[in-house]
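Per-entry structural report
Listed below are the residues making up each chain.
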Amino acid sequence: MAGGNERSMKALKEVWKRAENSFCADCGKPDPDWASSTLGVFICLSCSGIHRNIPSISKVKSLKMDYWDDAQVQFLAKHGNAVTKTMYEAHIPIYYYQPTYNDCQVLREQWIRAKYERKEFTEPGKQLPYSDGVKEGILWKRGRDNGQFLPRKFLLSEREGCLKYFTKQDAKEPKINVKIDVINATFQPEKIGNPNGLQITYLKDNKTRNIFVYHESGKEVVDWFNAIRSVQFHYLKVAFPIASDNEIKNRLTRNFLKEGYMEKTGPKQREAFKKRWFTLDHRRLMYFKDPLDAFAKGEVFVGSGENGYSVQKGLPSGTQGNFSWHYGITIVTPDREYLFTCETEADQLEWIRAFTSVINQAMTPQEYASRCLDAVSFPS
């Protein structure tokens, strides 16, 4: 018996060390040490927990701690991540967001359920709940002034190229009517305080407006997210007919590069530093008094190095404003310097990396047109 167990473990390790199985089949995390004995995929600990919640589809076991018999090892050898992906990921719409291990639980769970439980990607041309160009339903929306979440009717239309929401079910006119090409959507469960929290942002008069929503159903809120991406994709296909599908995919919804608290001072650099919540959305650096504010109190455009933008560690010598945090950052633009402080050195280095990644990228023609944001000051 011991010899058989040793033989099975040796065979298991041989399958496990195949290149295709060196990353989690569902989120891409390196060095997965769990596997599904019914699906034949190698997965990470976090994704194994999601699989465990759908026992009718997937039985998971540890590759290090659990016993694998010969039949189970042979099943893994016959399948593995590459073979299983060809079956369950054969027809993923190009606009569908495939989460990574850095994404939140609801995105990863619905991705796994979409693949294995609902089998959404196994057949070509399958009608999906986010693919028909229109979506209507109720989302719980946070009130801009009172902070209460109330049910609101939302309507997404590919034909009209817009997203609307109505304050009442029978309202004829929407509260907002936003063009689809100025919308971004990103999951923010911690900020919103709900595991299915979604932040929808759009440009209004060249300023960013935030809407915070959620739905009790994880599937429903992820369907909304992918419906927005679907409508955006088809809108941009018409607007940019010579662009490749991958080029258009890269222009769909995006996660923020970095968010968190920093202290800031005013343009004279003599005012006291004040703690504010900052969001870096590609080249837009915005700050808010509260993370759930509808509008930013100020924005600044972060351009490229070849256009005179840079980020420096520390503050200029002789900075006079009072500050309680001592890890400084200076953003240099053609017009002025912006001064910030971080609570820890780790925060400082993360912000510097995020700014550097933006500054090192060449600017697009559309971003040149947005440089007028540089004139937006940072009031106190």
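Residues numbered from 1 in each chain as written. Predicted model: local features only at pLDDT ≥ 70, side-chain atom pairs only at ≥ 80, totals over all residues. Heavy atoms only, no water.

Digging into helix α2 (residues 45-52)
- Regarding α2, the residues found buried are Cys47, Ser48, Ile50 and His51. The buried residues of α2 all sit within an arc of 155° when viewed along its axis, so they share a single face.
- Tucked inside the fold, the buried residues of α2 contact β1 (34-36), β2 (42-43), β3 (60-62) and α5 (105-117). (Buried < 20%, exposed > 50% of the residue type's maximum accessible area, 1.4 Å probe, protein only. Helix = DSSP H or I, 4+ residues; strand = E, 2+ residues; numbered from the N terminus. Arc of directions from axis to C-beta. Contact = heavy atoms within 4.5 Å.)

Focus on the packing of α2 against α5
- One way to put it is that α2 packs onto α5 with a least axis distance of 10 Å and a crossing angle of 55°. Overall, the two elements α2 and α5 adopt an arrangement that is oblique. Along this stretch, α2 crosses α5, giving a crossing that reads as right-handed. Note on element contacts: α5 touches α2 through Gln105, Arg108, Glu109, Ile112 and Tyr116, opposite Ser46, Cys47, Ile50 and His51.
- Of the residues assigned to the contact of α2 with α5, the class counts are four nonpolar, three polar and two charged. (Axes fitted to C-alpha atoms, helices over the stretch in contact; angles between N-to-C directions. Parallel < 35°, antiparallel > 145°, perpendicular 65-115°, else oblique. Left-handed = near helix turned anticlockwise from the far one by under 90°. Nonpolar A, V, L, I, M, F, W, Y, C, P; charged D, E, K, R; others polar.)

Here we look at the sheet that holds strand β10 (residues 207-214)
- The strand order across the open sheet formed by seven strands is β7-β6-β5-β4-β10-β9-β8, and the pairing between neighbours is antiparallel. At either margin of the open sheet sits one strand with a lone partner, and together these are β7 (176-179) and β8 (183-187). When the angles between neighbouring strand axes are averaged without regard to direction, this sheet yields 35°.
- Across two bridges, the pairing between strand β4 (residues 134-142) and β10 is antiparallel. Bridge pairing links Lys141 to Val213 in β10. (Pairing = 2+ DSSP bridges.)

Regarding the confidence of the model for the chain
- Per-residue confidence for the chain gives a mean pLDDT of 91, with 95% of residues at or over 70.
- Confidence scores differ between elements of the chain, with helix α10 (residues 365-369) showing the lowest mean pLDDT of 71 and α5 the highest of 98.
- Segment residues 373-377 is flagged for pLDDT under 50; beyond a separation of four residues in sequence, or across chains, it makes 16 contacts in the model. (pLDDT = per-residue confidence, 0-100.)

Digging into the packing of aromatic side chains
- Scanning the entire structure with this criterion turns up 19 aromatic pairs.
- Both rings, one in Tyr96 and one in Trp111, keep their centres 5.9 Å apart while their planes meet at 35°; by these two values the pair is tilted. With Tyr96 in the loop between α4 (80-88) and α5 and Trp111 in helix α5, this residue pair connects regions lying 15 residues apart in the sequence. Each member of the pair, Tyr96 together with Trp111, is buried.
- Summarising the aromatic geometry, the rings of Trp140 and Tyr214 are spaced 6.2 Å apart at their centres and angled 10° between planes, so their arrangement reads as stacked. Remark: Tyr214 occurs in strand β10 and Trp140 occurs in strand β4; sequence separation between them is 74 residues.
- Exposure remark for Trp140: the relative accessible area of 24% places this residue in the partly exposed category.
- In this structure Tyr214 comes out as buried when scored by relative accessible area, which is 16%.
- Through pairs of rings, three or more aromatic residues link up here, namely Tyr95, Tyr96, Trp111, Phe121, Tyr130 and Phe233. (Phe/Tyr/Trp six-rings, centres within 6.5 Å; stacked < 30°, edge-to-face > 60°.)

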